[in-house]
Structures are given as C-alpha cells and as structure tokens.
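# Coordinate inspection notes
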Amino acid sequence: MRWCNGVDFLFRILPVTFLRDYLIRFHLNRCERCWAALVSSDEARSLLYSEEDFKEEIDLWPRVGRELKASVPRKRAARMPLSRGGLLAGTAVFLLVCLLLVWNVLVQEPPELQTAEEGFRIRSIQIDNEPAQAFLYQPADTDMVFVWAEKNKHEEIYYE
Amino acid sequence: MGSEEDFRRLMHKYTGKAMAMALNLLGNKEDAEDVCQDTFVRIYNHLESFDFNRNFKDWMYAILHNRCMDLLRKRVRFSKYAVYQSGGMNENRDEGLTTPPKAKKLPSEFLKRLSPKERTALVLWANESYSSEEIAEVLRCSASTARVFLYKARKKIKNCLEEDNALV
C-alpha cells in the first residue's frame, strides 16, 4: 500500500517520460491495486464512440468525391512545370536588371558640378559708384548662384 | 494510384473508424465529418507516397489525428479571440468540446480532462486494441511516451467515473 502510494507520488512528481514509463512497466501495470485504479478497456469502450455507431449512418463519399473532382485541376495547375521559354525570359530579365544596377552604381559617374566661375561672368560690380569685390557661390546640384559683393576702394574686379 | 471506385470502397471500409476517432477527439459531429472529409481527400492525393509496408489504418489515423490537432488549435485560438471580443464573458466555454448530437456516451466533462493525445491514445487502445508501440506510430512519439499518455488517460477516466458514481 505504502509502496504503491510512493510509486504514485513519484509518477506525479517525475517530469521525465522514461522514468514514468519505467514506473508504469515495472509497477503500475503489474500491481493489482494500481491496475484497479485504471479504467479497463471494456469500460472505456462502453464510454467511447466506436465504428458501429457510424457504420450505416454516415456516407462521406458525396462530399469527398466533390472535393476530389475540384482538387484535380488545382493539383494539375500546381504541378505544371515552368516552360523553357518562360525560364529563359525570366533569366534574361533578371540578368538585365543586375547589369543595369551594376552600371548605375559602379560605372556611371555622377555628373560634374559646374563651378560658378565657369558658368557666369560678371564684368564689374560697383557699390556706391565704386568698384567692389564680388564672390560667387553656387550650391551643389542647383542652378542658383549667389553673388556676394564687398566694398573695395582700391580695386575693381573683373571677371572674364 | 487506384481508381475512384476503389478509393470509394476503401473509404467506405474506414469511414466508421475515422468518424468514431474524430468524434471522440472533437466531440462535435459536424467538425468530425469535416475532418474526416479532409483526411480522405489528403489520403487520396498522397496515396502515391504511401509506404505499402506500413499499415494503412495507422497511416489514416496519423493523418486524422494531425487534422484533429489542427482543428483543436484553431478552436483554442478562436475561443481566446471570442473571449477577448466579449470582454471575458465566455470564460466558461471549453476548448470546443460541445455535446455530441447523438446519444451522449462519454460525457464531454470527462473528455475535457484529457489532453488530445491522451484521448487519441485511449480511443486507439479501447476501440482498436492498439499496443503502446502502435499508438506511438500514430502519435509520432516514442512507445514510452505513448504508454504514459495511455496510463494518464485511463487513470483520469477512472477517477471521473468514481467521482460520478460517488455523486450519484
């Protein structure tokens, strides 16, 4: 009795399957007292649904047959191999895209920025009727040109 | 692959077994029919991959068990969603076990106490007299694990019956 309780306690606390299996095989399935604590196959069978309950009643064939007929075209479509032409065209497009990417990233250099001095020419700048110094700024990637002028009493700046 | 007529005969032979297993696992006749239908369609579509050294019934039960497990998982997800939607009003809902429409044999309260794998082990053992090794084949686990599932199921059902008798 004590031994059975001990085994039952061990079975409850042991989380390891093979140790539980060992207890089942070497005690729980052999000990009459422990065996009596389990439902017998006859008892269980009387409680469960069995094949006999459905033998005449259920005919699943109409549903299954319909589903099979519907699934055949789907199956064929899924198994249809990719045509040779399609495979070649796909590969060609893929290679073309790769080439374009490589050319765009590696080969094509960014357009050179035009310096303000090359694009514009100021013959003279005067402030208060006197020649002044002029500075030209062109921000990168824009067409804008800023002209900065400063008084210069001694020089007159000409740009060619 | 055989003809549809051959398959129909095969299906007719195993429909009862499949339905019994599905209903014992799911507790709902409509779901059991759906799962059986899906199982037979899968069997038909994969007959060419069937290993003829293997027992057909084991193979069918393995597929059926997996389909039932999928459905039970879906039910758990749906019931969680339903509880969330209703603000916890459905807390008493079980994992999808509803009272079977036919004459009730095993009360769903009893079945709820078993995990799906324990239910499968019990059904195979009681209805088909499967050994632990054969149950393991269906459950895709070791024979030791199958034995533990079966032992726990038998003990839980016995406890349920004793509690039920004590109440009566």
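The preceding data block contains the structure.
Remember, predicted model here, so these are calculated numbers, not experimental data.

Before going further, it helps to spend a moment on the overall build of chain A. A count of helical and extended segments in chain A gives seven helices and three strands. Counting from the amino terminus, chain A carries its helices and strands in the arrangement α-α-α-α-α-α-α-β-β-β. Within chain A, the fraction of its 160 residues that count as buried is 10%. Considering only residue pairs separated by 6 or more positions, chain A has 31% of its internal contacts joining residues 24 or more positions apart.

So, about the overall build of chain B. Looking only at helices and strands, chain B features seven helices and zero strands. Of the regular secondary structure in chain B, the N- to C-terminal order runs α-α-α-α-α-α-α. Looking at chain B as a whole, 38% of its 168 residues are labelled buried.

Bringing the interface of chain A and chain B into the picture now. Tallying the contact residues gives 30 residues for chain A and 34 residues for chain B. If you list the elements that add at least two residues to the side of chain A that touches chain B, you get α2 (17–28), α4 (41–47) and α5 (61–79) of chain A. Looking at the side of chain A that touches chain B, the element that brings in the most residues is α5(A), giving eight residues. The residue makeup of the side of chain A that touches chain B, split by class, is 16 nonpolar, five polar and nine charged.

Taking 1.5 Å as the rise per residue, helix α1 (residues 2–13) of chain A with twelve residues should run 16 Å; its terminal C-alpha atoms sit 16 Å apart, in good agreement. The buried fraction of α1(A) amounts to one of the twelve residues, a small share that puts the element mostly on the outside.

Attention shifts here to the nonpolar core. In terms of nonpolar packing, the biggest core is built from 50 residues, with B:A22, B:A121, B:L122, B:I135 and B:L150 touching the most fellow members. Elements with a minimum of two residues in this core: α2 of chain A together with α1 (4–26), α2 (29–45), α3 (56–85), α5 (116–128), α6 (132–139) and α7 (143–167) of chain B. By residue number, the principal contributor to this core is α1(B), which donates nine residues. Beyond its immediate stretch of four places on either side in the chain, B:A22 contacts B:A32, B:V35, B:C36, B:L64 and B:C68.

Attention now goes to the pairing of strand β3 (residues 146–151) of chain A. Residues and elements named next belong to chain A. Of all six residues that make up β3, zero are buried, and the element is exposed over most of its length. Taken together, the six bridges between strand β2 (residues 130–137) and β3 define a ladder with antiparallel strand orientation. Within the sheet, the bridge partner assigned to A132 lies in β3 and is K151.

This part takes up the packing of α5(B) against α6(B). Residues and elements named next belong to chain B. The contact between α5 and α6 brings their axes to 10 Å, and the two run at 135°. Between α5 and α6, the crossing angle belongs to the class labelled oblique. By crossing handedness, the relation of α5 to α6 is classed as right-handed. Between α5 and α6, the residues in contact are K117, T120, A121, L124 and W125 and I135, V138 and L139, respectively.

This next bit is on the pairing of β2(A). Residues and elements named next belong to chain A. Sheet topology note: the strand β1 (residues 126–127)/β2 ladder contains two bridges and is antiparallel. Bridge pairing in β2 places Q126 opposite P131. Linkage of β1 to β2, two consecutive antiparallel strands, is achieved through a turn of two residues, within which D128 is found at a positive phi near 55°.

Across a sheet, strands are paired by hydrogen bonds formed along the backbone, either parallel or antiparallel in direction. Strand order in the open sheet formed by three strands is β1-β2-β3 (chain A), with antiparallel pairing between adjacent strands. Of all strands in the sheet, those with a lone pairing partner are β1 and β3 of chain A, marking the two edges.

So, about the packing of α1(B) against α5(B). Residues and elements named next belong to chain B. Contact pair α1 / α5: the axes reach a minimum separation of 9 Å and the direction vectors enclose 145°. Here α1 runs over α5; the crossing is right-handed. Where α1 approaches α5, its residues A20, M21, N24 and L25 are matched on the opposing element by P116, R119, T120, V123 and N127. Its residues placed into classes, the contact of α1 with α5 shows five nonpolar, three polar and one charged.

Moving on, we get to the environment of B:S142. All names here are of chain B. Tracing the chain through its elements places S142 in the loop between α6 and α7. Overall, the presence of 15 C-beta atoms within 10 Å leaves S142 in the partly exposed class. On a C-alpha basis, the gap between S142 and S132 in space is 8.7 Å, while along the polypeptide they are ten residues apart.

Here we come to the environment of B:A136. Residues and elements named next belong to chain B. Mapped onto the fold, A136 is located in helix α6. When the C-alpha positions of A136 and R147 are compared, they lie 8.4 Å apart, and in sequence the two are eleven residues distant. Beyond its immediate sequence surroundings of up to four residues, A136 is in contact with C141, S142, A143, T145 and A146.

Turning our attention to unusual backbone geometry. A positive phi angle, near 60°, is found at A:N129, a position not held by glycine. A:N129 sits in the exposed class, given 5 other C-beta atoms within 10 Å. Although it is not a glycine, B:S129 adopts a positive phi angle of roughly 55°. Locating B:S129 in the fold gives a position in the loop between α5 and α6. You can call B:S129 exposed: it has 10 C-beta atoms within 10 Å.

Rules used throughout
- Along each chain, the written sequence defines residue order, and numbers are assigned to residues from 1.
- For naming, the first written chain is A and the first written ligand is 1, with later ones following in the order written.
- Residues qualify for local features only when their pLDDT is at least 70, as the model is predicted, and side-chain atom pairs are given and counted only at 80 or more; totals for whole chains, interfaces and linings, by contrast, use all residues.
- Helix and strand assignments follow DSSP, with helices taken as H or I runs no shorter than four residues and strands as E runs no shorter than two, numbered in order from the N terminus.
- Residue burial is a threshold on neighbouring C-beta atoms within 10 Å of the residue's own C-beta, all placed from the backbone, with 20 or more meaning buried, 12 or fewer meaning exposed, and counts in between meaning partly exposed.
- Whether two residues are in contact depends on their C-beta atoms, placed from the backbone: they are in contact if these lie within 7 Å.
- Throughout this entry, Asp, Glu, Lys and Arg are counted as charged residues, while Ala, Val, Leu, Ile, Met, Phe, Trp, Tyr, Cys and Pro are counted as nonpolar. The remaining residues, Gly among them, count as polar.
- One less than the number of residues in a helix, times 1.5 Å, gives the span that helix is expected to have.
- Residues enter a nonpolar core if they are buried, belong to Ala, Val, Leu, Ile, Met, Phe, Trp, Tyr or Cys, and are joined to the set through C-beta atoms within 7 Å.
- Between any two strands, at least two bridges found by DSSP are needed for them to pair.
- Throughout, an axis means a line fitted to C-alpha atoms (over the contacting stretch in the case of helices), and angles, computed between N-to-C directions, take values from 0 to 180 degrees.
- Note on angle classes: values under 35 degrees are labelled roughly parallel, values over 145 roughly antiparallel, values of 65 to 115 roughly perpendicular, and the remainder oblique.
- Throughout, a crossing is termed right-handed when the near helix is turned clockwise from the far one, and left-handed when it is turned anticlockwise from it by less than a right angle.

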